[in-house]
Amino acid sequence: MYKAPRGTADILPQEQPYWRYVEQRAVELCQRYGYERIDVPAFEDAGLFDRSIGAETDIVEKETYTFEDKGGKKITLLPEGTASICRAYLEHGLHNQPQPVRLYYSISIFRYERPQSGRYRQHRQFGCEAIGDGDPSLDAEVIDMAWRLFRSLGLERFTLSLNSIGCKECRPTYLKVLKKYYAARAEGLCADCQSRLVRNPLRLLDCKQPSCQQVAAAAPRSADYLCKQCGEHFNQLQRYLDLMGIPFTANHCLVRGLDYYTRTVFEIQPETGGSQSTICGGGRYDDLIEELGGKPTPAIGFAVGMERIILNLKKQKLSVPALPRPQVFLAHIGREAKEEALKLASVLRQAGTGLVVAIADRSLKAQLRQANALGVRYTLIIGEEELKAGTVVLRDMIDARQETVSEADLPGLLAGPGGV
Ligand code: HAM
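Conventions we followed
Residues numbered from 1 in each chain as written. Predicted model: local features only at pLDDT ≥ 70, side-chain atom pairs only at ≥ 80, totals over all residues. Heavy atoms only, no water. Salt bridge = Lys/Arg side-chain N within 4 Å of Asp/Glu carboxyl O. Helix = DSSP H or I, 4+ residues; strand = E, 2+ residues; numbered from the N terminus. Buried < 20%, exposed > 50% of the residue type's maximum accessible area, 1.4 Å probe, protein only. Contact = heavy atoms within 4.5 Å. Polar contact = N/O pair within 3.5 Å; in protein donor to acceptor, adjacent residues only side chain to side chain. Axes fitted to C-alpha atoms, helices over the stretch in contact; angles between N-to-C directions. Parallel < 35°, antiparallel > 145°, perpendicular 65-115°, else oblique. Left-handed = near helix turned anticlockwise from the far one by under 90°. Nonpolar A, V, L, I, M, F, W, Y, C, P; charged D, E, K, R; others polar. Pairing = 2+ DSSP bridges. Phe/Tyr/Trp six-rings, centres within 6.5 Å; stacked < 30°, edge-to-face > 60°. Lys NZ or Arg CZ within 6 Å of the ring centre and 35° of its normal.

1. Quick look at the pattern of salt bridges
Within this structure, the stated rule accounts for 23 salt bridges. Across the salt bridge formed by Asp-39 and Arg-37, the nearest N and O atoms sit 3.0 Å from each other. Of the charged contacts, one joins Glu-291 and Arg-51 as a salt bridge, the two residues approaching to 3.2 Å between their closest N and O atoms. Here Glu-291, found in helix α10 (residues 288-291), pairs with Arg-51, found in helix α2 (residues 47-54); they are 240 residues apart in sequence, far enough to count as distant. The partly exposed category is assigned to Glu-291, whose relative accessible area is 38%. Via salt bridges that share partners, Glu-44, Arg-87 and Glu-91 belong to a single interconnected network.

Listed below in structure tokens is the structure:
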């Protein structure tokens with residue numbers, strides 16, 4: 001027997017109401033803020049991610065699904081969405097449209113991680129990117145969207161962490177200070193941090209080892225080393241968030257796991273739960289478009305993990321609306337009645353009635369049991385007599401009352417309850 005690959009999950013029909021609910025809410029929200037949908041392929045040239053996420057990040061080093069296709073091309077299944085959206089922005093000349101270009105997407109993401117609760121090798125992200133403006137009000141807009149999404153889903157007890165990691169002007173100075181601080185404490189660091197110290201010092205700050213976290217807690221803060229412009233940008237953003245009533249916590253250890261970020265970085269997490277429970281991550285990436293061959297183009301975005309949102313909906317016991325399903329079942333007795341049933345079903349469905357037809361030639365009792373199991377409101381029954389008279393029996397499944405009605409009247413009678 002085959003099983004779904006480790007770290008992947010089937011989304012069975014009973015799970016679908018959660019998925020449709022979250023995605024519908026997210027789409028409505030994006031549309032309200034003027035964001036338009038974009039879809040990108042599920043794989044890209046592998047080089048795109050080395051250039052954007054960073055060749056020295058955990059994601060690119062350890063987690064991408066990269067392989068040669070049959071034509072010898074090295075491709076990578078999307079390990080995140082932002083790089084692809086930027087590639088599409090450049091490829092299709094979206095810089096010629098009014099800026100910023102506001103986009104949203106819903107995509108499958110592939111990361112070879114160690115699976116555990118809420119952490120998959122294939123997961124789904126819903127994300128937004130606003131490309132082409134550096135104003136802090138755009139940061140505030142994007143953070144506001146992320147925050148309101150959780151609110152509109154009814155999720156509570158979440159915190160928004162915020163930091164600024166500066167730009168290519170001011171970050172080198174900060175990194176020098178940070179490296180010096182860590183170099184003096186190198187012996188007490190975990191093996192990963194020893195290597196980060198040389199290769200990617202910013203990531204020292206979000207090591208999950210308790211002993212390293214202690215070192216990080218007292219480390220120099222990027223916000224104290226920002227250049228004038230980055231400092232003003234960060235102050236202005238915090239002012240806007242205050243004005244908009246969005247509560248946040250400044251977290252100097254928040255640096256994010258992708259190298260393209262500049263200035264603003266943010267995450268949303270449940271109040272209880274570690275970094276693995278982060279449900280939203282985002283930030284500015286003002287140099288990325290240029291890095292990919294475009295003109296300097298500031299941008300900001302975020303993505304939420306759909307599985308983690310749904311996990312939290314369930315944890316908080318929030319109910320979601322059921323999906324529409326047929327309210328009419330069509331039973332038939334005898335070969336000719338079956339043929340009439342198929343014809344009638346087609347007419348009723350075209351008139352907008354959702355309807356399930358009995359398949360096997362079972363007894364009426366068995367067919368009614370099937371109707372009950374489906375939870376329909378009405379069952380239509382065609383037997384020999386009805387066939388002759390051009391009528392059907394309409395049975396109300398709640399009170400078991402039955403009446404005989406003409407076939408011709410059915411579309412009108414069922415227009416309300418039977419419609420899906
Ligand atoms: P990220 O933080 O790597 O950011 O992923 C976004 C969200 O996807 C996370 O906050 C988490 O909820 C979810 N997620 C990540 N990995 C997994 C996993 N293995 N299993 C389940 N859920 C997961 C990005 O990918 C950036 N592209 C976000 C962004 C957009 N930044 C700017 N624009």
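2. Digging into the environment of Glu-80
Mapped onto the secondary structure, Glu-80 falls in the loop between β4 (74-77) and α4 (82-91). You can call Glu-80 buried: its relative accessible area is 3%. Sequence separation between Glu-80 and Ile-53 is 27 residues, and the spatial gap between their C-alpha atoms is 8.7 Å. In this structure Glu-80 touches Phe-49, Ile-53, Ile-107, Ile-109, Arg-111, Leu-258 and Tyr-260, once residues within four positions along its chain are discounted. A polar contact is formed between the side chain of Glu-80 and the side chain of Tyr-260, at a distance of 2.5 Å.

3. Structural notes on the packing of helix α1 (residues 16-32) against helix α5 (residues 136-152)
Taken N-terminus to C-terminus, the directions of α1 and α5 make an angle of 140°; their axes are 10 Å apart at the nearest point. Considering the angle they form, α1 stands oblique to α5. Judged by the twist between their axes, the crossing of α1 over α5 is right-handed. Across from Tyr-21, Arg-25, Ala-26, Leu-29 and Cys-30 in α1, the residues of α5 making contact are Met-145, Arg-148, Leu-149 and Ser-152. Looking at the contact of α1 with α5, its residues break down into six nonpolar, one polar and two charged.

4. Some words on helix α11 (residues 306-315)
With seven of its 10 residues buried, α11 lies for the most part within the structure. Turning to α11, its buried residues are Met-306, Glu-307, Arg-308, Ile-309, Ile-310, Asn-312 and Leu-313. Residues of α11 that are buried in the fold lie against α1, β6 (122-131), α5, β7 (158-164), β9 (262-270) and β11 (299-305). Backbone geometry just after α11 places Lys-317 at a positive phi near 55°.

5. What to know about the sheet that holds strand β13 (residues 355-357)
Taken in spatial order, the five strands make up an open sheet running β13-β12-β14-β15-β16, and their pairing is mixed. The open sheet terminates on both sides in strands that have one partner only, identified here as β13 and β16 (402-406). When strand polarity is set aside, the average angle formed by the axes of neighbouring strands in this sheet is 25°. Bridge count for strand β15 (residues 391-396) against β16 is five bridges, and the pairing is antiparallel. The residue of β16 that forms the bridge with Thr-391 is Ser-406. Its contacts with the sheet place helix α12 (residues 335-350) against β12 (328-332), β13, β14 (378-382) and β15, and it is angled at close to 165° to β13. Running at roughly 170° to β12, helix α13 (residues 364-374) makes contact with β12, β13, β14 and β15 of the sheet.

6. Focus on the packing of aromatic side chains
Going through the model one piece at a time under the given rule, you end up with seven aromatic pairs. Note on Tyr-181 and Tyr-182: the rings are 5.3 Å apart at their centroids and 85° apart in plane angle, and the pair reads as edge-to-face. Here Tyr-181 and Tyr-182 have matching classes, each one buried. With a centroid separation of 5.7 Å and 65° between ring planes, the pair formed by Tyr-260 and Tyr-285 is classed as edge-to-face. A residue pair is termed long-range when its members are at least 10 positions apart, and Tyr-260 in the loop between β8 (249-250) and β9 and Tyr-285 in the loop between β10 (280-284) and α10 qualify at 25 residues. What links up through ring pairs into an aromatic cluster is the set Tyr-260, Tyr-261 and Tyr-285. Over the ring of Tyr-112 we find Arg-121; its NZ or CZ atom is 3.9 Å from the centre of that ring. Over the ring of Tyr-18 we find Lys-314, and its NZ or CZ is 4.9 Å from the ring centre.

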